[in-house]
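# Coordinates in review
If you want the building blocks of each chain, they are given just below.
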Amino acid sequence: MRINYIAKKYSLFELACLQLGKKIFLDKSFQSRARWGNKQKQKFLKSCIEGFNLSAVTIAHIKAIYGDIAVNEGEDSEDALWLKSLMDQGYEYITVDGNNRDETLAQFFTDTIIPEYSIPLAEGKYDLGDRMLNVTSDKKYFCQFNKTDQQVLKNLPIWIHFITQGGRKALRKAFRVVNDGMNLNDQELRNALSSKFADLVRDLVDEEMEAFEKIFTTLKINRRFPDEFIVDVAVLNAQGIVMINPETRDAAYGDNTKEKTSFNKTKKIIKQIAEIVNKHGKSGLNVEKKMKSNLYDLVLLLRYLNDNNVRIDDLDKFYNFFVETQSKRIRSTETVWNNKKGTDPRAYAGIMKNLQPNFLSKREEIIMGSLGEIEEGVLTYLDKKRNYDARIRFILWERQGKKCAISGKDISPVEVCNGDITHIDHHVPHTLGGPTTLENARLVFKSENQSKGAKLDSEIELVDDVDDDLVA
């Protein structure tokens, strides 16, 4: 993978015009939206005026890169199609490094003072080489300077590195090289993996920023903590309970990964959490001061309910239930996990410390097992035939000692609401006069139920045939 680039000297004004003319595409794989404050912008402008702005802006030349990719990888390759879509939108360049600088120049070179947009120079004297530029309180915006000074400012140079060869992987490599030594975290580097999945993650962060601003500090948002959280949720949805680490997060990025194709499930969970946080704030999620772990436990619960067609009818009561039971779990000293040697007994709080699979699986099992305690009317099981209170399955499960009523085999908490694994069955078959009541119902494995049904009446499908009497 080779990167070719051409170094050219542009004027500040030329770069500003490219930005103002929307010729530069902001690829959020490499750049966040401009987030410099006025002081940082004024410091950059001063460095340009006084000749010590030595760092080049790095942008990719779309047409040149497209030509290279089309020849070497084909016009129908993913990278070629991506570049072609940008050209169709009128873009000529892609920002790889320098978005804050591009935007600062666009805000400086305005013909009039645009409130909350135009950037003034900080007051003081600026060395133009042959003379000084005196910036005062009533003469600090570009449009307020005389024509001669304006022309000098427009013609000040800035170096641009135009990348002319290489696809998205090459651009990512360029981004990493340019930012070497910047102490970027894993997710900031991961965001340079330009792909359809990356776009979905960043768009969802933008959509739910109101909630994320309540959960994370500004610094953590800028360091892309919300992005990483969404990636983790996507991994859980796509892969199930697996080790969540930098490798699995990296592997989620692509145009057709499982995380991308199942992203609607991830989006639903994030929006459910955002609705809770926007309404109630983050204090409940910070129960026992374990914000991060509580967030992941809430994800496990929502994932379970969504995957098993359980609808939340009362979000407030559901959230209160989660916070109350989570607090009890964390404060409990009961051993819930131990290693094979029996030398590492841990209470629930002890298995919340990381995202390794055995801990996540145990946390999921314990959380789902608590659903039998939820108040009536909060959750509805959406059956193919009819809907009913989801607590029924847990009532039967508890009553049967958490075992299949036919085989006597253990039913795990995560199997209780899984209609592909367990069914609600008539103890006395409906065809033999058995009533559809809670007393005559039992939770059984699907395989056992189908074998029983075949023996008694092959034409009767004894699957979740539950009437309102069951909740009486």
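Attention here is on the structure that accompanies the text. (Residues numbered from 1 in each chain as written. Predicted model: local features only at pLDDT ≥ 70, side-chain atom pairs only at ≥ 80, totals over all residues. Heavy atoms only, no water.)

## So, the packing of helix 9 (residues 196-207) against helix 15 (residues 263-280)
- Contact geometry of helix 9 with helix 15 gives a least axis separation of 11 Å together with a crossing angle of 15°. The pairing of helix 9 with helix 15 is recorded here as roughly parallel in orientation. For the crossing formed where helix 9 meets helix 15, the hand is right-handed. The residues of helix 15 that touch helix 9, namely those facing F197, L200, V201, L204 and E207, are F263, K267, I270 and K271.
- For the contact of helix 9 with helix 15, the residue count by class is six nonpolar, no polar and three charged. (Axes fitted to C-alpha atoms, helices over the stretch in contact; angles between N-to-C directions. Helix = DSSP H or I, 4+ residues; strand = E, 2+ residues; numbered from the N terminus. Parallel < 35°, antiparallel > 145°, perpendicular 65-115°, else oblique. Left-handed = near helix turned anticlockwise from the far one by under 90°. Contact = heavy atoms within 4.5 Å. Nonpolar A, V, L, I, M, F, W, Y, C, P; charged D, E, K, R; others polar.)

## Examining the sheet that holds strand 8 (residues 310-312)
- Across the sheet, three strands lie side by side as 8-9-10; this open sheet has antiparallel pairing. Strands with a single pairing partner mark the edges of an open sheet, and in this sheet they are strand 8 and strand 10 (387-389). Mean inter-strand twist for the sheet, computed between neighbouring axes without regard to direction, equals 35°.
- As paired strands, strand 8 and strand 9 (residues 379-382) are joined by three bridges and run antiparallel to one another. Across the sheet, residue V310 finds its bridge partner in strand 9, namely Y381. (Pairing = 2+ DSSP bridges.)

## Concerning the packing of helix 15 against helix 16 (residues 291-307)
- Contact geometry for helix 15 and helix 16: axes closest at 10 Å, N-to-C directions at 125°. Viewed along their axes, helix 15 and helix 16 adopt a mutual orientation that is oblique. Both helix 15 and helix 16 take part in a crossing whose hand is right-handed. Across the interface between the two elements, K265, K268, I269, Q272, I273 and I276 of helix 15 pack against L295, L298, V299, L302, R303, N306 and D307 of helix 16.
- Residues that form the contact of helix 15 with helix 16 fall into these classes: seven nonpolar, two polar and four charged.

## Some details on unusual backbone geometry
- We note that N309 has phi near 55°; this positive angle belongs to a residue other than glycine.
- Looking at the element boundaries, N309 is found in the loop between helix 16 and strand 8.
- In this structure, K402 takes a positive phi of about 65° despite not being glycine.
- Here K402 is to be found in the loop between helix 19 (391-399) and strand 11 (422-426).
- In this structure K402 comes out as partly exposed when scored by relative accessible area, which is 36%. (Buried < 20%, exposed > 50% of the residue type's maximum accessible area, 1.4 Å probe, protein only.)

## Remarks on the nonpolar core
- The biggest cluster of nonpolar side chains holds 78 residues, and the ones touching the most others in it are F229, I273, L305, F318, L371 and L379.
- If we skip the residues at most four places from it in the chain, L379 touches L305, V310, R311, I312, D313, F318, L371, I374, Y388, D389 and A390.
- Counting residues in hydrophobic clusters, the runner-up holds 29 residues, among them L105, F108, L133 and F145. (Core = buried A, V, L, I, M, F, W, Y, C linked by side-chain atoms within 4.5 Å.)

## With respect to the side chain of Q187
- Note that Q187 resides in helix 8 (residues 186-190).
- Of the polar contacts made by the side chain of Q187, one reaches the side chain of Y253; its length is 2.9 Å.
- Every residue in contact with Q187, bar those within four places of it in the chain, is listed here: R224, D227, E228, V231 and Y253. (Polar contact = N/O pair within 3.5 Å; in protein donor to acceptor, adjacent residues only side chain to side chain.)

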